[in-house]
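Analysis of the macromolecular model
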Amino acid sequence: MADTSFPAASAAHRVAASAALAVRTGLSDALLERVVREFYGAARQDPLLGPVFARITAWEPHIARIADFWSSVALQTGRYHGTPMEAHLPLGLTPAHFARWLALWEETVVALCPPEGAALLADRARRIAGSLGHAIAIRAGELPALRPASPTKASGAGARA
């Protein structure tokens, strides 16, 4: 008979870790949804970001998906299952888009969240923007793709004493 206690223990651990993060940061799923709604309300009116978001026609499913994303990022709930990199690569984003997105996101989280929660969300957003921006620059040929060192070079296995 298979041991099924591991998934239950894992789920219980996730719930406990998420609850501890919520207490420490003052964040909750309801607050994260409010942040996402406020951010997108402003972003849709922004001269630079608005045209990017104008492509979205079904806003409620998008809001729910992004709220799940931030719940997973900030509270480690594991609710989001997607590929943000693939979703953003074809959008024609530039460093200016990422800078504006970050500025608007940070304004929103500072206005709505307790200081520790705002700091966490701003930090995670900076990391996400950096990763997405880097991947887009690689795809555009503006940066070389990093390649792992060959095992021979990395371990020195090819060298003779």
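1. A short note on the side chain of T77
Inspection of the secondary structure puts T77 in the loop between α4 (59-75) and α5 (84-88). The class for T77 is buried, based on a relative accessible area of 18%. In this view, T77 contacts R14, S18, S71 and S72; residues no more than four positions away in its chain are not counted.

2. What about the packing of helix α2 (residues 29-43) against α4?
Running from N to C, α2 and α4 point in directions that differ by 125°, and their axes come no closer than 9 Å. Between α2 and α4, the angle is such that the two are oblique. Our pair here, α2 against α4, has a crossing hand that is right-handed. Packed against α2, whose contacting residues are D29, L32, E33, V36, R37 and Y40, the element α4 presents W59, E60, H62, I63, I66, A67, W70, S71, A74 and L75 at the interface. Considering only residue class, the contact of α2 with α4 consists of ten nonpolar, two polar and four charged.

3. A short note on the packing of aromatic side chains
Following the criterion strictly, the structure yields ten aromatic pairs and no others. Look at F39 and F53: their rings are 6.4 Å apart centre to centre, the planes differ by 85°, and that puts the pair in the edge-to-face class. Here F39, found in helix α2, pairs with F53, found in helix α3 (residues 50-53); they are 14 residues apart in sequence, far enough to count as distant. Overall, the relative accessible area of 11% leaves F53 in the buried class. An angle of 10° between the planes, with centres 6.2 Å apart, marks the rings of W101 and W105 as stacked.

4. What about the nonpolar core?
The nonpolar side chains of a soluble globular protein tend to be buried, and buried together. Counting residues in hydrophobic clusters, the biggest one holds 40 residues, and the most contacted among them are L27, W70, C113 and L121. Taken together, the elements giving at least two residues each to this core come down to α2, α3, α4, α6 (95-112) and α7 (115-139). Every residue in contact with C113, bar those within four places of it in the chain, is listed here: L27, L31, V35, A118 and L121.

5. Details of the pattern of salt bridges
Under the definition given, this model contains eight salt bridges. Between E106 and R126 there is a salt bridge; the shortest N-O distance is 2.9 Å. Here E106 is found in helix α6, whereas its partner R126 is found in helix α7, with 20 residues between them in sequence. A residue is classified by how much of its surface remains accessible, and E106, at 24% relative accessible area, is partly exposed. On the basis of relative accessibility, which here comes to 43%, the residue R126 falls in the partly exposed class. If you follow the salt bridges from partner to partner, you end up with D29, D68 and R79 in one network.

Conventions adopted
Residues numbered from 1 in each chain as written. Predicted model: local features only at pLDDT ≥ 70, side-chain atom pairs only at ≥ 80, totals over all residues. Heavy atoms only, no water. Helix = DSSP H or I, 4+ residues; strand = E, 2+ residues; numbered from the N terminus. Buried < 20%, exposed > 50% of the residue type's maximum accessible area, 1.4 Å probe, protein only. Contact = heavy atoms within 4.5 Å. Axes fitted to C-alpha atoms, helices over the stretch in contact; angles between N-to-C directions. Parallel < 35°, antiparallel > 145°, perpendicular 65-115°, else oblique. Left-handed = near helix turned anticlockwise from the far one by under 90°. Nonpolar A, V, L, I, M, F, W, Y, C, P; charged D, E, K, R; others polar. Phe/Tyr/Trp six-rings, centres within 6.5 Å; stacked < 30°, edge-to-face > 60°. Core = buried A, V, L, I, M, F, W, Y, C linked by side-chain atoms within 4.5 Å. Salt bridge = Lys/Arg side-chain N within 4 Å of Asp/Glu carboxyl O.

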